[in-house]
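Single-letter residue listing:
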Amino acid sequence: MTEIQTPRLLLRRWHEDDLVPMAEINADPEVMRWIDDGSVLDTDGTAEAIEVWEEEWDEEGLGLFAVELLASGELIGFTGLSVPNYLPEVLPAVEIGWRLGQPFWGQGYASEAAHAALEFALQDRGLDRVISISRPGNEASENVMRKLGMDLDHTTTHPRYGFPLHVHAIDLTEYAA
């Protein structure tokens, strides 16, 4: 089982008891405002998402980690790697992403977890390039991308929703963990 420990976090595969706390995160309109069309997910939608994330682990050897606080064992969201199939123009890219519950914003958890996921991409999966995709205006996520050393690669349009997207990238051969 793939697990990564950072000073404050445990990144791990998904457990059955993660469904309720992740569903609460996905039900928050402020958390979801930059995701797809901004729609929240209910418990069933979250269960389907977790199933897809776990399938990606099994099929691709990478995926989205559940992120928990070491101090309390509390699930705070996810970070990790995925294949951005919704944006065919960037394929065969691997994307790094994150989603944390509001109580955990502004404390450096997203950056800490994302740094660990980048190290995993480079050291364990041998990837030489990783992208991250954001909507213009999502300053919090773009700030994490800057902390990771990512640069704006190009701007494109979401194929389903029609809004602009920023595609950031980092060459992991130059990444200093």
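Now for a look at the structure at hand. Keep in mind that this is a model prediction, so the values were computed, not measured.

1. Brief notes about the nonpolar core
- Counting 32 residues, the largest nonpolar core has L81, I96 and V130 as the members making the most contacts within it.
- Among the secondary structure elements, those contributing two or more residues to this core are β2 (9-12), β3 (64-69), β4 (75-82), β5 (95-100), α4 (109-124) and α5 (139-147).
- Not counting residues up to four positions away in its chain, the partners in contact with V130 are L81, V94, E95, I96, L118, A121, M150, H168, A169, I170 and L172.

2. Observations regarding the pairing of strand β8 (residues 164-171)
- For β8, a buried count of six out of eight residues is recorded, marking the element as mostly surrounded by other parts of the structure.
- With six bridges joining them, strand β6 (residues 129-134) and β8 adopt antiparallel strand pairing. Bridged to I133 within β8 is V167.
- In this structure, strand β7 (residues 151-157) lies alongside β8, joined through six bridges in antiparallel fashion. Along β8, the bridge assignment pairs D151 with A169.
- The hairpin formed by β7 and β8 contains six residues between the paired strands, and G162 there has a positive phi angle of roughly 80 degrees.

3. Things to note about a negative patch on the surface
- On the surface, a cluster of negative charge is made up of D42, D44, E48, E51, E55, E59 and E60.
- With respect to the element layout, E48 can be found in helix α3 (residues 43-60).
- Assessed through its relative accessible area of 54%, E48 is described here as exposed.

Definitions and limits used
For every chain, the first residue of the written sequence is number 1, and numbering continues from 1 along that sequence. Only residues with pLDDT of at least 70 are given local features in this predicted model, and only at 80 or more are side-chain atom pairs given and counted; all residues enter the totals for whole chains, interfaces and linings. Excluding hydrogens and water, the side-chain values take into account all heavy atoms of the structure. We call a set of buried Ala, Val, Leu, Ile, Met, Phe, Trp, Tyr and Cys residues a nonpolar core when their side-chain atoms join them within 4.5 Å. Three labels apply to residues, based on accessible area from a 1.4 Å probe with only protein chains included: buried if under 20% of the type maximum, exposed if over 50%, partly exposed otherwise in between. Working definition: helices are DSSP H or I runs of at least four residues, strands are E runs of at least two. Numbering for both runs from the N terminus. Between two residues, a contact is recorded if the distance between any of their heavy atoms is within 4.5 Å. We call two strands paired when DSSP finds no fewer than two bridges between them. Residues enter patches when they are more than 30% accessible in relative terms and free of salt bridges; like-charged ones are connected within 9 Å and nonpolar ones (Val, Leu, Ile, Met, Phe, Trp, Tyr) within 5 Å. Accessible surface is estimated by sampling points in the Shrake-Rupley manner with a 1.4 Å probe; for residues, cover comes only from the protein chains shown. Salt bridges are counted wherever a side-chain nitrogen of Lys or Arg sits within 4 Å of a carboxyl oxygen of Asp or Glu. For the purpose of counting charges, residues Lys and Arg are taken to be positive, whereas Asp and Glu are taken to be negative. His and the chain ends are not included. Where a charge sits is defined by one atom per residue type, namely NZ (Lys), CZ (Arg), CG (Asp) or CD (Glu).

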